[in-house]
Amino acid sequence: MRKVIHFSTNATAPAPLLPPPPLLPSSNSSPSSNDIYRHAMSFFPPIPVLDYSAFDLATVALISGLLLLSFLSVSFIFHLRLKSQSSDHLRNFNSLWTVRFLLISFITLWALNEIIRLPIFRQQYLYPFLPFLTISQQANLCKTHVVLSLGFFEPGFLTLFVFFSPSEVEIPDAFRKSFVLSMDDFGNKTVLCTYPLLNTTMFGAFGIAYSLGLLLSCWRVVSLVINKALRIRIHLLALAVTIFLPLQILLMGLSALWRPEKPAYGGVMLAMCVCMTVCAVVGEGVLVIKPVVDALAAGGDCCRWSVSEQVRQEIDWQRTVDGMRQ
């Protein structure tokens, strides 16, 4: 006979039976490899530099070296200026310090402007401090980069058709675009800076005229110089400008064939940066560092060891000649 049991609605249901908890490893057991990895990552967070592309890292390395050389050149200029205040002999060599300082200022500002062009730098160090920038404002930042790079820091002329273009003249986008809007897999939009083909063409015309004028000026100077070492420096400066400046313009024009996301575009931009860096290094070496070093050496305020060593060698040579005569 079945027994009927009545359940009250207010009665508490019995607790279900739970399986026993799993056995935990004892404190003496060795931790797993995953635990070691998590523990290590808590002390050593991932380095953001590893996310940079190889082209961006190479560009940053080149620009960093150029900035260090510019700082060294400025140190030489002000060292000569301080020495010239107490030496009448050095005052004649210090007349062009403003021109040399202006050259280094242009090179330094161009290098900083190239760093701003890198998308990784803007995303990591610029946009976090300016989170309110819209897509349109980021595009204007790229336009400003083009104007400063092609029209001011590489001295010559004002670029046109960057911010404003005549409404009655229709120009293809490839000739006037200074930025490209890119989107990743997560839908995040990024503004990538480019060089307009029209501005590159105008800069190429300026580069040809500038190279011809420089060659004419160097030819006139070389015809008057009798110092062989000075002739070599003038030839080096002329070759650096006439070779690497047209090559830079050519690479700048070829960059319009690829989108900024492509590796080929990064390689072309790196090669263009190398060309400009070579011109800047040769210019600072020939027009700033070497003349200042020669002036300080002539005044006896620089390279004392090298001057004394040269004098000692001349004395030893004279003694040798006198001994052979005897």
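These numbers were taken from a predicted model, which means no experiment stands behind them. (Residues numbered from 1 in each chain as written. Predicted model: local features only at pLDDT ≥ 70, side-chain atom pairs only at ≥ 80, totals over all residues. Heavy atoms only, no water.)

## Remarks on the overall build of the protein chain
Counting secondary structure elements, the protein chain contains eleven helices and two strands. Starting at the N terminus, the α and β elements of the protein chain follow one another as α-α-α-α-α-α-α-β-β-α-α-α-α. Expressed as a percentage of its 326 residues, the buried residues of the protein chain come to 31%. The contacts of the protein chain with a sequence gap of at least 6 include a subset with a gap of at least 24, amounting to 67%. When the accessible surface of the protein chain is split by element, carbon and sulfur atoms take 68% of a total near 21,800 Å². (Helix = DSSP H or I, 4+ residues; strand = E, 2+ residues; numbered from the N terminus. Buried < 20%, exposed > 50% of the residue type's maximum accessible area, 1.4 Å probe, protein only. Contact = heavy atoms within 4.5 Å. Areas by Shrake-Rupley, 256 points an atom, 1.4 Å probe, with all protein chains shown as cover.)

## Overview of the packing of aromatic side chains
The description of an aromatic ring pair rests on the distance of the ring centres and on the angle between the ring planes. Per the stated rule, a full pass over the model turns up five aromatic pairs. Plain terms: the ring middles of Phe-78 and Phe-101 are 5.8 Å apart, the flat faces sit at 80° to each other, and that makes the pair edge-to-face. In this pair, Phe-78 is assigned in helix α2 (residues 54-84) and Phe-101 in helix α4 (residues 97-117), connecting sequence segments 23 residues apart. For Phe-78, a relative accessible area of 36% puts it in the partly exposed group. On the accessibility criterion, Phe-101 (33% relative accessible area) is partly exposed. Through a chain of ring-to-ring contacts, the aromatic side chains of Phe-78, Trp-97 and Phe-101 assemble into a single cluster. (Phe/Tyr/Trp six-rings, centres within 6.5 Å; stacked < 30°, edge-to-face > 60°.)

## Focus: the UniProt feature "transmembrane region" (unreviewed entry) in the protein chain
According to UniProt, the "transmembrane region" (unreviewed entry) feature falls on residues 57-80, 101-120, 202-222, 234-258 and 264-289. Structurally, residues 101-120 comprises 95% helix and 0% strand, and the distance from its first C-alpha atom to its last is 31 Å. Across residues 234-258, the secondary structure splits into 84% helix and 0% strand, with the terminal C-alpha atoms separated by 37 Å. (UniProt positions renumbered as here; feature names shortened; annotations may be inferred.)

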